[in-house]
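Here are the chains, one letter per residue:
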Amino acid sequence: MKSAAITSKPGLDSVQKQPWKLAFVFCFLVLLCDGADIGILAFTLSSLKLEFALTNVQAGALGSWSLFGMAIGGFFGGWACDRFGRVRVIVVATALFSVLSGFSGFVQSYEQFIALRFTACLGLGSLYIATNTLMSEMVPTKHRTTVLAMLMTGFTLGSLVITSVSAWIIPSYGWRTLYLLTFLPIILAVAMYFLIPEPNSWKEARALKLSGAKNSLQKPENPYKAIFENPRHRIMFILWSMSSGLLLFGYFGVSNWLPSYLETELGIKFKEMALYMAGTYLTMMFAKLVAGIVADKIGRKIVFAFGTMGTALFIPVLVYLHTPDNIGWLMIAFGFLYGIPYAINATYLTESFPTAIRGTAIGGAFNIGRLGSVIAPVAIGYMAMQNSIGAGLLLMAGAYFLCGLIPTLFIKEKQYDPQKA
C-alpha cells in the first residue's frame, strides 16, 4: 500500500462540500456527554463505597471494569467505523451509553452496577475513536490539530459540568439522580443520524474497496491483515498501542482517584474539592486550545512530548509539595500540563494511518492501550490500602513519561492526509 504525503493546502472544493462545522458541534456535544459520563464514576465513588460497603480495591475495580468495557467497545468501534461509517458508529454508541448509564441509577447491588457500567462503556469506548476520525477527515490539514484540540475541550467541559452538577445534586438528592441525567444524550444520537453525512474520503475509500472486491470476486480485504502485512503500518500500530496504553494508564488512574485523594487524604470538603477540580478542568480546556494552535504551528511531536513529560514531572510536586495555601494553584498548574496530551494525541494518531484502515488501526491501537490501562484504578486502590493514594499517583507519573518518550523517539508526524481516500 502506497503512502500518501500530506499536502498543506487541500482542495477547497472538497473541504467546502463537507459540513464539518455542524459535525463539529455534534461531536463536541457528544464528547461533552462522554466526559460527563466518565466523570460521574469519580464523583460518585465515595457514595458507592458507602452504599455497597466496598473496599478500596472493589471501588478501584469499578474504574477497571469501565476501562475494560471501553477498550472492547473502542476496539470493535474502530473496525465498525471502517465497515459501516463514522457517523453511524457515533449514533449507536451514544444511544447505548445513554440508556444504560441512565438505568445505573436504579441498581440494587455492586454486581448490577458493574454489569450496567461495563455494557454502557462499550458505547463510550467507541466515541473517542469515531468522533476524532470523523473530524480529522473533514477538517483542512493546516487547522486540524487546532480543531481536534477544540473538540477535546468538549470532553473536559463534560468533566467540568459533572463536577458542578455533582456538587449540587449529590449532597441534596443523592448519587442515583446523577445517573438519571444520562438519559438526555439519546436526543443527540437521533438528531445526528438525520443531519450529519459520512465524510467523502470514507465514502471514496469504501467504494474503492468494494469495487476491488467485486472485480476480483473476493471479499474486501481484512483491515487487520492490511495493517500487519505492511511493515510500516505494523510498526506504527505497535508503537501507538504502547504509547496509548501508557497515556490511558496515567490519565484514567489520575482522573479516577484525584477527587478521592483531595477529599480523603488532604481532608478537603466535598464542595471545596469540586471547586478545585472545576478550576483544574477549566485550565485543561485552555491548555488544549493553546496546545492545538501551537501544534499546528511548530508540530505535533514536540507539543505532545512537552505535555506528557511535563505532567510526569509535576505529579511528584503535587503529592509532596502541597500545602493548604498552595493546593489550588498547584491544581491549576497541573491541569494545564494534564490537558495537553489529549489535545494532540488524536491528530498525531489519525495522521499515522491511511483512510482505508484508519478507524481499525486507531481503534485497535488506542484500545489495546486501554486494556493495558485497566489495572490503573485497581493499582492505585491497592497502593491506597498498602500506603496511600498519593503513592499510587506517583506510579502514574512514570507512565506519562514513557508515553511521551515513545513517539518522541520513533513516530514521525503527518504521515498521511485524512482527507484523501
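Above: the structure in question.
It should be emphasised that the depicted structure is a prediction, and the values quoted were computed from it without experimental measurement. (Residues numbered from 1 in each chain as written. Predicted model: local features only at pLDDT ≥ 70, side-chain atom pairs only at ≥ 80, totals over all residues. Heavy atoms only, no water.)

J.: What is the right way to look at a nonpolar patch on the surface in this model?
T.: A contiguous nonpolar patch, built from L22, V25, L29, L181, L184, I186, I187, V190, Y193, F194 and L195 and spanning about 1,100 Å² of accessible area, is present on the exposed surface. Elements with a minimum of two residues in the nonpolar patch: α2 (20-52) and α8 (186-195). The biggest single contributor to the nonpolar patch is α8, with six residues. Within the fold, I187 resides in helix α8. The class of I187 is exposed, set by a relative accessible area of 59%. (Patch = residues over 30% accessible without salt bridge, like charges linked within 9 Å, V, L, I, M, F, W, Y side chains within 5 Å. Areas by Shrake-Rupley, 256 points an atom, 1.4 Å probe, with all protein chains shown as cover. Salt bridge = Lys/Arg side-chain N within 4 Å of Asp/Glu carboxyl O. Helix = DSSP H or I, 4+ residues; strand = E, 2+ residues; numbered from the N terminus. Buried < 20%, exposed > 50% of the residue type's maximum accessible area, 1.4 Å probe, protein only.)

J.: How should I be thinking about α2 in this particular structure?
T.: Side chains that are three or four residues apart share a direction in an α-helix, a result of its 3.6 residues per turn. With 33 residues, α2 extends 45 Å between its outermost C-alpha atoms, agreeing within 8% with the 48 Å of an ideal straight helix rising 1.5 Å per residue. T44 marks the point of greatest bend in α2, at about 55 degrees. Of all 33 residues in α2, 24 are buried; the element is thus mostly enclosed. At the C-terminal side of α2, A53 shows a positive phi close to 55 degrees. (Expected span 1.5 Å × (residues − 1). Bend = angle between axes of the 7 residues up to and from the residue.)

J.: Please clarify how the environment of Y251 should be interpreted in this entry.
T.: Topologically, Y251 is positioned in helix α11 (residues 231-265). A residue is classified by how much of its surface remains accessible, and Y251, at 6% relative accessible area, is buried. Sequence separation of Y251 and M396 is 145 residues, and the distance between their C-alpha atoms is 7.7 Å. With sequence-adjacent residues up to four places away left out, Y251 is seen in contact with F155, M284, Y338, Y342 and Y400. (Contact = heavy atoms within 4.5 Å.)

J.: So what exactly am I meant to see when it comes to the pattern of salt bridges here?
T.: Side chains that differ in charge, positive against negative, can pair when their charged atoms come close. Applying the stated criterion to the full structure yields nine salt bridges. E137 serves as the salt-bridge partner of R86, at 2.5 Å between the closest nitrogen and oxygen. Of this pair, R86 sits in helix α4 (residues 86-103) while E137 sits in the loop between α5 (110-136) and α6 (144-173); the two residues are 51 residues apart in sequence, bridging distant segments of the chain. For R86, a relative accessible area of 0% gives the class buried. On the accessibility criterion, E137 (0% relative accessible area) is buried. Put simply, E351 and R144 hold a salt bridge, and the shortest N to O gap is 2.9 Å. With a gap of 207 residues between them, E351 in the loop between α14 (327-350) and α15 (355-373) and R144 in helix α6 connect regions that are remote in the sequence. By the burial criterion, E351 is buried, and R144 matches it.

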